[in-house]
Amino acid sequence: MDEPAPSLRARPGWVAKLARAVDLLCFVMLIATMATVIYGFSIRALWADGYYVAVALALLGSFVMLIGIAQQAIAARDAATWRDMAEWQIRAAEARLAATPVAPGEEQLDRDSPVYYEMLIGTLVDHASRESTTLAQGRPHGH
């Protein structure tokens, strides 16, 4: 099967590095803000001999925020992976559809035609069912 084409969302190297630097700077600033709040609550707790619950809640909130950020990063990466996979499958189905021989007297399907997309979906479904049957029978993938 064909290799996936490079993503259209790919960014030039300097843009990707800049985006990474901005992400890192924002993360560092978030950590600094959380540390400042926790430090402030800790100083207040020691000075007033109270507020220990506020320190505990600040610590718990910090951990919850960091876990949430990690989950969002994982979800964004998964969404990009699924999107790339779907684009690759559609390109492969279009290639199979284009390779389908045209009967004499018929014309090649137009990409603007609803029939084209019905055929494209049919090709995707047919290929998926053939692969699931192949996998169920224990044959190697893609053969």
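This text goes with the structure placed above it.
Please read these numbers as outputs of a predicted model, since none were measured by experiment.

Enquirer: Looking at this model, I keep getting lost on the pattern of salt bridges. Mind explaining?
Expert: It is possible for side chains bearing opposite charge to pair when their charged atoms get close. This model, assessed by the stated rule, comprises one salt bridge. In this structure, the salt-bridge partner of Arg130 is Asp126, at a minimum N-O distance of 2.4 Å. Here Asp126 and Arg130 lie together in helix H3 (residues 114-136), a separation of four residues that amounts to about one turn. In this structure Arg130 comes out as partly exposed when scored by relative accessible area, which is 43%.

Enquirer: Explain H3 here, please?
Expert: Along an α-helix, residues three or four positions apart point the same way, because every turn accommodates 3.6 residues. Relative to the 33 Å expected for 23 residues at 1.5 Å per residue, H3 spans 33 Å between its end C-alpha atoms, a close match to the ideal helical length. For H3, the set of buried residues is Tyr116, Leu120, Thr123, His127, Glu131 and Thr134. Tucked into the core, H3 has its buried residues touching helix H2 (52-99). Note on H3: the residue one or two positions beyond its end, Gly138, has a positive phi of about 85 degrees.

Enquirer: Looking at this model, I keep getting lost on the layout of surface pockets. Mind explaining?
Expert: The probe, sized like a water molecule, is rolled over the atoms to show the empty space still left. Considering only enclosed or pocket space, the largest pocket measures out at about 520 Å³ in volume. Along its surface, the largest pocket is lined by 13 residues, and Ala19, Arg20, Asp23, Leu24 and Ala73 are the ones closest to its centre. When contributions to the lining of the largest pocket are tallied by element, the ones reaching two or more residues are helix H1 (13-48) and H2. With eight residues, the single largest contributor to the lining of the largest pocket is H1. Counted by class, the lining of the largest pocket contains nine nonpolar, no polar and four charged residues.

Enquirer: What's the story with the side chain of Ser62 in this structure? I'm lost.
Expert: Along the chain, the position of Ser62 falls in helix H2. For Ser62, a relative accessible area of 10% translates into the label buried. Not counting residues within four places of it along the chain, the set of residues in contact with Ser62 comprises Met34 and Ile38.

Enquirer: Which parts of the structure should I look at to understand the packing of H1 against H2?
Expert: Helix-helix packing is described using two parameters, namely the angle between the two axes and the distance between the axes. Following both chains from N to C, one finds H1 and H2 inclined at 165 degrees, their axes separated by 8 Å at the closest point. Here H1 lies roughly antiparallel to H2, going by the angle between them. Helix-helix and strand crossings are classified by hand; for H1 and H2 the assignment is left-handed. Between H1 and H2, the contacting residues are Phe27, Leu30, Ile31, Met34, Ile38, Phe41, Ser42, Ala45 and Leu46 on the first element and Tyr52, Ala54, Val55, Ala58, Leu59, Ser62, Met65, Leu66 and Ile69 on the second. In terms of residue class, the contact of H1 with H2 is made up of 16 nonpolar, two polar and no charged.

Scoring rules and cut-offs
- Residues numbered from 1 in each chain as written.
- Predicted model: local features only at pLDDT ≥ 70, side-chain atom pairs only at ≥ 80, totals over all residues.
- Heavy atoms only, no water.
- Salt bridge = Lys/Arg side-chain N within 4 Å of Asp/Glu carboxyl O.
- Helix = DSSP H or I, 4+ residues; strand = E, 2+ residues; numbered from the N terminus.
- Buried < 20%, exposed > 50% of the residue type's maximum accessible area, 1.4 Å probe, protein only.
- Expected span 1.5 Å × (residues − 1).
- Contact = heavy atoms within 4.5 Å.
- 1 Å grid on protein atoms, 1.4 Å probe; cavity = no way out; pocket = protein on both sides within 12 Å on 5 of 7 lines; lining within 4 Å.
- Points joined across faces, edges and corners; volume = space filled by probe spheres on them.
- Nonpolar A, V, L, I, M, F, W, Y, C, P; charged D, E, K, R; others polar.
- Axes fitted to C-alpha atoms, helices over the stretch in contact; angles between N-to-C directions.
- Parallel < 35°, antiparallel > 145°, perpendicular 65-115°, else oblique.
- Left-handed = near helix turned anticlockwise from the far one by under 90°.

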